[in-house]
Amino acid sequence: TSDHLRHVDSMGTLPSGTGKISYLNAVILGDSLASEENDLVLPSPEFSSQALIPSSDKYIEMYRRSIVDPAGFWSEIASLFYWKQKWSDQVYSENMDVRKGPINIEWFKGGITNVCFNALDRNVQAGLGAKTAIYWEGNEPGQDGSLTYTDLLERVCQLANYLKDIGVGKGDAVVIYLPMLMELPIAMLACARIAAVHSVVFAGFSAESLAQRITDCKPKAVITCNAVCRGSKVIHLKDIVDTALVESAKNGVSVDVCLTYENQSAMKRETTNWMEGRDAWWQDTVPKFPTTCDVEWVDAEDPLFLLYTSGSTGKPKGVLHTTGGFMVYTATTFKYAFDYKLSDIYWCTADCGWITGHSYVTYGPLLNGATVIVFEGAPNYPDPGRCWDIVDKYKVTLFYTAPTLVRSLMREGNEYVTRYSRKSLRVLGSVGEPINPSAWRWFFNVVGDSRCPISDTWWQTETGGFMITPLPGAWPLKPGSATFPFFGVQPVIVDDKGTELEGECSGYLCVKSSWPGAFRTLYGDHERYETTYFKPFPGYYFSGDGCSRDKDGYHWLTGRVDDVINVSGHRIGSAEVESALVSHPQCAEAAVVGVEHEVKGQAIYAFVTLVEGVPYSEELRKSLVATVRNQIGAFAAPDNIHWAPGLPKTRSGKIMRRILRKIASRQLDELGDTSTLADPSVVDQLIALRDC
Ligand code: WTA
């Protein structure tokens, strides 16, 4: 433990309100604006005094306990949930060291529970039945709806009964391909209730990507809707599912049931393509089922869901989360990072198709009995004031979004923000990519009127919940820093050789020891799980991110260090885009890198070589971009296609992406050593063609 505590003690050098911080030019929240010159933004005394964690001392005390005695710390928290049967004496067991055998993480093993029961029945039994669980806001202003906890429980039970009726049982996969309708969290919870494993696929993925995921997890059913309006566009989701199911059938995976919600505002059922025998209308079938449904009690280590995410190879990875640890971890992180109170109205702008929507639209908030907003539309439709319109309409207190949205709204000017009151706001949150200090300040000063702390939460699909995050009220904030680890999390920064760095440093971000929300495997490929995450730096979980720690112990995330590109907070594997490009009959080879983008954070920049004799043209460029849209989704479309006669390769044939990144971002004086290339003249050709 002395080793563990070094880290805690180094954080303890920043006591609240005294010593070190006093000579920094600190501001008090609400007192003056956070500006370029000010390093620290202190929580206001009014905020801190009402906060769950009111001081850094309190944080340090709890953090210390969570590291010295994780079993005691987490079992106390877990006891706040309902367990049909308590876990065995051993709260957790783990092997995170590949040198000592297979990686294995278990929390609350032997404990019998159900996440849906804890999110709904438990809250209803505690008297929250009449409380609003979900406010739904449609694409068009004025389109809305809501469900109380009792309503939500009944809807979930009806769908759970329907799923059981069509033969879905414990451990069966169900693919959900829905936009942000209330039916999306309903579908997730219904699966959880009957111990089916949901795999939500973001409804912006193409038929091809959907088919790939269906082929991998072989679901008993797919749940979708006929169409959705996004801004002024109508997207026919059911057609995409139809195409995907034809595709997956070719791969030997046929799905018997496609439950389709009729999303009337987007499309009427009469014009929806239909396959008799396989397809069923949600509205015709589900409401016929009883509004109560027995819970399927499961072991804490039984799977809850699969969520596919991008990695550095072409094939998406099925990140598997289990029941007990995920439940305890998402609920607890939600509560502390947003300083959650029962009276809060919470809005997370993420889609349930990504992990943020799993942990912090559906599970974390509902487990706390929170009121959640589910927004179907686009944040700039009908105009860039929509978010603040919604904030005022529902009196949102906790607002959680992504830096890309902050930057895009910032460009539209303050007018769209200041014409709304926003006085209900209490805490702001950011996720998905590093938030640049200027966006942070705009978010803080303009959106939050210099009054609301910002929780910049660093975490990943794999981590299940927040890992490094401010706890509002506890710490002075630094614009752009995710600050300190959550309870029980031991982040370490290592160098190339895997040596832990001390004090002020910069390197690869890893995590020592497990935490309850950690993913347990990659579906069907435990070896890839070990290779990707645990072999690079033996003894640690490797995040794939770079990070530095400053003299005060604050963490600054610097972005991915692998071949993952972060476009508007969406993770895209460069290899996935490359394989889409080379599937184009006229593309011979492709190499994809990320370049800085003012709004999206990163944009995709693709170098392509063409099949012998094919001339490059604008038409071909468009058709290459269309190929990526069709194979992955519009969000993965390259911003730039750079035609290349050849790619810079080492003598052994490896593409030197480092050089391509420099060319793409015009940092030509930083090309570095090109002498190891098989043909160094390729570089000059590429530079010459940079703007073609
Ligand atoms: C990045 C999203 C900096 C990071 C929850 C990580 C961040 C990847 C932050 C995971 C943050 C997420 N600051 N970078 N606050 N949050 N990231 O799996 O590169 O979609 O590895 O999970 O997003 O993306 P994922």
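Every chain begins its residue count from 1, and numbering advances along the sequence as written. Local features in this predicted model are restricted to residues of pLDDT 70 or higher, and side-chain atom pairs are both shown and tallied only at a pLDDT of 80 or more, whereas totals for entire chains, interfaces and linings draw on every residue. The basis for the side-chain values is all heavy atoms of the structure; hydrogens and waters are excluded.

J.: Please give an account of the layout of surface pockets that cites residues and values.
T.: With a 1 Å grid laid over protein atoms only, a set of points is called a cavity when a 1.4 Å probe fits there but cannot get out and a pocket when it is open yet has protein on both sides within 12 Å along at least five of seven lines; lining residues have an atom within 4 Å of a point. Grid points are joined across faces, edges and corners, and a volume is the space filled by probe spheres set on the points. Size it by volume and the second largest pocket reaches roughly 400 Å³. The helix and strand labels rest on DSSP assignments: H or I over at least four residues marks a helix, E over at least two residues marks a strand, and numbering proceeds from the N terminus. Elements that contribute at least two residues to the lining of the second largest pocket include exactly α3 (56-68), α4 (70-78), α5 (115-128) and α11 (323-337).

J.: I'd like a description of the UniProt feature "domain: AMP-binding enzyme C-terminal" (unreviewed entry) in the chain, backed by residues and values.
T.: Under the UniProt annotation, "domain: AMP-binding enzyme C-terminal" (unreviewed entry) lies at residues 576-654. In residues 576-654, the share of helix is 27% and the share of strand is 32%. The end C-alpha atoms are 17 Å apart. UniProt positions are given in the numbering used here, feature names are shortened, and annotations may be inferred rather than shown by experiment.

J.: Explain the environment of Gly311 residue by residue, including any values.
T.: For Gly311, the location among the structural elements is in the loop between β16 (303-309) and β17 (317-322). Sequence separation of Gly311 and Gly544 is 233 residues, and the distance between their C-alpha atoms is 9.5 Å. The contact criterion used is simple: two residues touch if any of their non-hydrogen atoms lie within 4.5 Å. If near-sequence neighbours (up to four positions away) are discounted, Gly311 is found in contact with Lys317, Val564, Gly573 and Glu576.

J.: Could you give me a rundown of helix α13 (residues 386-394), with the residues and numbers involved?
T.: Judged by how many residues are buried, α13 sits mostly within the fold: seven of nine residues are covered. Throughout this description, buried means an accessible area under 20% of the type-specific maximum (1.4 Å probe, protein chains only), exposed means over 50%, and partly exposed covers the range between. Along α13, the residues classified as buried are Arg386, Cys387, Trp388, Ile390, Val391, Asp392 and Tyr394. Phi turns positive one or two residues past the end of α13, at Lys395, with a value near 55 degrees.

J.: Requested: an account of the site of the ligand, with residues and values cited.
T.: What makes a residue near a molecule or strand is one non-hydrogen atom of that residue sitting within 4 Å of it. If you check the shell around the ligand, you find 17 residues, and the closest are Asp456, Thr457, Thr461, Asp545 and Arg571. Each polar contact in these results corresponds to two N or O atoms within 3.5 Å; when the atoms are within protein, one needs to be able to donate a hydrogen and the other to accept it, and residues that are neighboring in sequence are counted only if both atoms are side-chain atoms. Gln460 places a polar side-chain atom, nitrogen or oxygen, 2.8 Å from an oxygen atom of the ligand. Within the side chain of Asp545, a nitrogen or oxygen atom sits 2.6 Å from an oxygen atom of the ligand. Computed with the Shrake-Rupley method and a 1.4 Å probe, the accessible areas treat only the protein chains shown as cover for residues. Here the ligand loses 97% of its free accessible area of 520 Å² to cover by the protein chains. Put simply, the parts of the chain that give the shell around the ligand at least two residues each are α12 (355-367) and β27 (555-560). The nonpolar class holds Ala, Val, Leu, Ile, Met, Phe, Trp, Tyr, Cys and Pro. Asp, Glu, Lys and Arg form the charged class, and all remaining residues, Gly among them, are polar. Among the residues making up the shell around the ligand, the classes are represented as six nonpolar, six polar and five charged.

J.: Could you give an account of empty space enclosed by the protein, naming the residues involved and the relevant values?
T.: Scanning the entire structure with this criterion turns up two cavities of 30 Å³ or more. Roughly 50 Å³ of internal volume is contained in the largest cavity. Lining the largest cavity, in full, are Asp216, Tyr308, Lys315, Pro316, Lys317, Gly318, Leu522, Tyr523, Asp525 and Arg528. Contributions of two or more residues to the lining of the second largest cavity are made by β20 (398-401), α14 (403-411) and α16 (437-447). Grouping the constituent residues of the lining of the second largest cavity by class yields eight nonpolar, one polar and no charged.

J.: Lay out the sheet that holds β20 in plain terms, naming residues and giving numbers.
T.: Whether two strands pair comes down to DSSP finding at least two bridges between them. The seven strands lie next to each other as β7-β6-β19-β18-β20-β21-β22, forming an open sheet whose pairing is mixed. With one partner strand each, in any of the chains shown, β7 (144-148) and β22 (454-456) form the two edges of the open sheet. Strand-to-strand twist across the sheet, computed as the mean angle between neighbouring axes with direction ignored, equals 20 degrees. Of the pairings in the sheet, the one linking strand β6 (residues 132-137) to strand β19 (residues 371-375) comprises four bridges and is parallel in character. Bridge pairing in β19 links Ile134 to Val372. In the packing of α13 onto the sheet, the strands contacted are β6, β7, β18 (345-348), β19 and β20, and the crossing angle to β6 comes to about 145 degrees. In this analysis, axes come from line fits to C-alpha atoms, helices being fitted only over the stretch in contact, and the angle between any two N-to-C directions falls in the range 0 to 180 degrees.

J.: Can you tell me about helix α20 (residues 657-664), naming the residues and giving the values?
T.: Among the residues of α20, those classed as buried are Arg657, Ile659, Leu660, Ile663 and Ala664. On an axial view of α20, the arc spanned by its buried residues comes to 155 degrees, and they lie on one face. Taken together, the buried residues of α20 touch α18 (574-582), β30 (587-597), β31 (601-610), β32 (640-643) and α21 (681-688). Downstream of α20 by one or two residues, Arg666 has phi in the positive range, about 60 degrees. By arc we mean the arc of the directions from the helix axis to the C-beta atoms, nothing more.

J.: Lay out the confidence of the model for the chain with the relevant residues and their values.
T.: When pLDDT is averaged along the chain, the result is 93; 94% of the residues meet or exceed 70. No element of the chain has a lower mean pLDDT than strand β1 (residues 27-28), at 42, and none a higher one than helix α7 (residues 183-193), at 99. Our summary of model confidence lists the complex with pTM equal to 0.94 and ipTM equal to 1.00. Predictor confidence is given residue by residue as pLDDT, running from a minimum of 0 to a maximum of 100.

J.: Go over the packing of α4 against α11 with me, naming the residues and quoting the values.
T.: Running from N to C, α4 and α11 cross one another at 85 degrees; their axes reach a closest spacing of 10 Å. By the criterion of interaxial angle, the relationship of α4 to α11 is roughly perpendicular. Residue-level contacts link Trp74, Ile77 and Ala78 of α4 to Val328, Tyr329 and Thr332 of α11. Here the contact of α4 with α11 is composed, by residue class, of five nonpolar, one polar and no charged. Each angle receives one of four descriptions, namely roughly parallel if under 35 degrees, roughly antiparallel if over 145, roughly perpendicular if within 65 to 115, and oblique otherwise.

J.: Lay out the UniProt feature "domain: Acetyl-coenzyme A synthetase N-terminal" (unreviewed entry) in the chain with the relevant residues and their values.
T.: Within this structure's numbering, the places UniProt gives as "domain: Acetyl-coenzyme A synthetase N-terminal" (unreviewed entry) are residues 59-119. Between the first and last C-alpha atoms of residues 59-119 the distance is 27 Å; the span itself is 39% helix and 16% strand.

J.: Describe the packing of aromatic side chains, and please don't skip the residues or the numbers.
T.: Only rings of Phe, Tyr and Trp enter the pairing, Trp through its six-membered ring, and a pair is recorded when the two centres are within 6.5 Å. The plane angle decides the type: under 30 degrees is stacked, over 60 is edge-to-face, the rest tilted. One pass over the full model with this rule turns up 63 aromatic pairs. Here Trp347 and Phe375 contribute two aromatic rings whose centre-to-centre distance is 5.7 Å and whose plane-to-plane angle is 85 degrees, an arrangement assigned as edge-to-face. Pair noted here: Trp347 is in strand β18 and Phe375 is in strand β19, with a separation of 28 residues, a long-range link. For the pair shown, Trp347 and Phe375 are each scored as buried. A ring pair is formed by Trp388 and Phe399, whose centres lie 5.2 Å apart and whose planes are at 65 degrees; its orientation type is edge-to-face. Taken together, the residues Trp388 in helix α13 and Phe399 in strand β20 connect sequence positions 11 residues apart.

J.: Mind laying out the environment of Gln158, listing which residues take part and the relevant values?
T.: Looking at where Gln158 falls in the secondary structure, it is placed in helix α6 (residues 149-165). Since its relative accessible area comes to 12%, Gln158 is described here as buried. When the C-alpha positions of Gln158 and Pro538 are compared, they lie 47 Å apart, and in sequence the two are 380 residues distant.

J.: Explain the state of the cysteines residue by residue, including any values.
T.: In this description, a disulfide is simply a cysteine sulfur pair whose atoms lie within 2.5 Å. Counting across every chain of the model gives zero disulfides. Cys352 carries a free sulfur, and the closest cysteine sulfur to it, the one in Cys348, is 8.1 Å from it. Here Cys505 is not disulfide-linked; the sulfur of Cys547 is the nearest cysteine sulfur, at 7.7 Å. Given the relative accessible area of 11%, Cys505 is considered buried.

J.: Please give an account of the nonpolar core that cites residues and values.
T.: Only buried Ala, Val, Leu, Ile, Met, Phe, Trp, Tyr and Cys residues count toward a nonpolar core, and they belong to the same one when joined by side-chain atoms within 4.5 Å. Ranked by size, the top nonpolar core spans 177 residues in total, and within it Tyr59, Phe108, Leu152, Leu159, Phe487 and Leu581 carry the most contacts. A total of nine residues in this core trace back to one element, the largest contributor, which is α6. For Leu152, the residues in contact, after removing those within four places along its chain, are Leu120, Ala133, Ile134, Leu147, Ile186, Leu189 and Leu366. If you look at the next biggest cluster of nonpolar residues, it comprises 30 residues, including Ile345, Cys387, Leu425 and Phe443.

J.: So, the sheet that holds strand β23 (residues 490-494): which residues are in play, and what are the values?
T.: In spatial order, the strands read β23-β24-β26-β27; together these four strands make up an open sheet with antiparallel pairing. The sheet terminates laterally at β23 and β27, the two strands that pair on one side only. Pairs of neighbouring strands in the sheet enclose a mean axial angle of 45 degrees, with direction left out of account. Relative to strand β26 (residues 541-549), strand β24 (residues 505-512) runs antiparallel, the two being bridged by six bridges.

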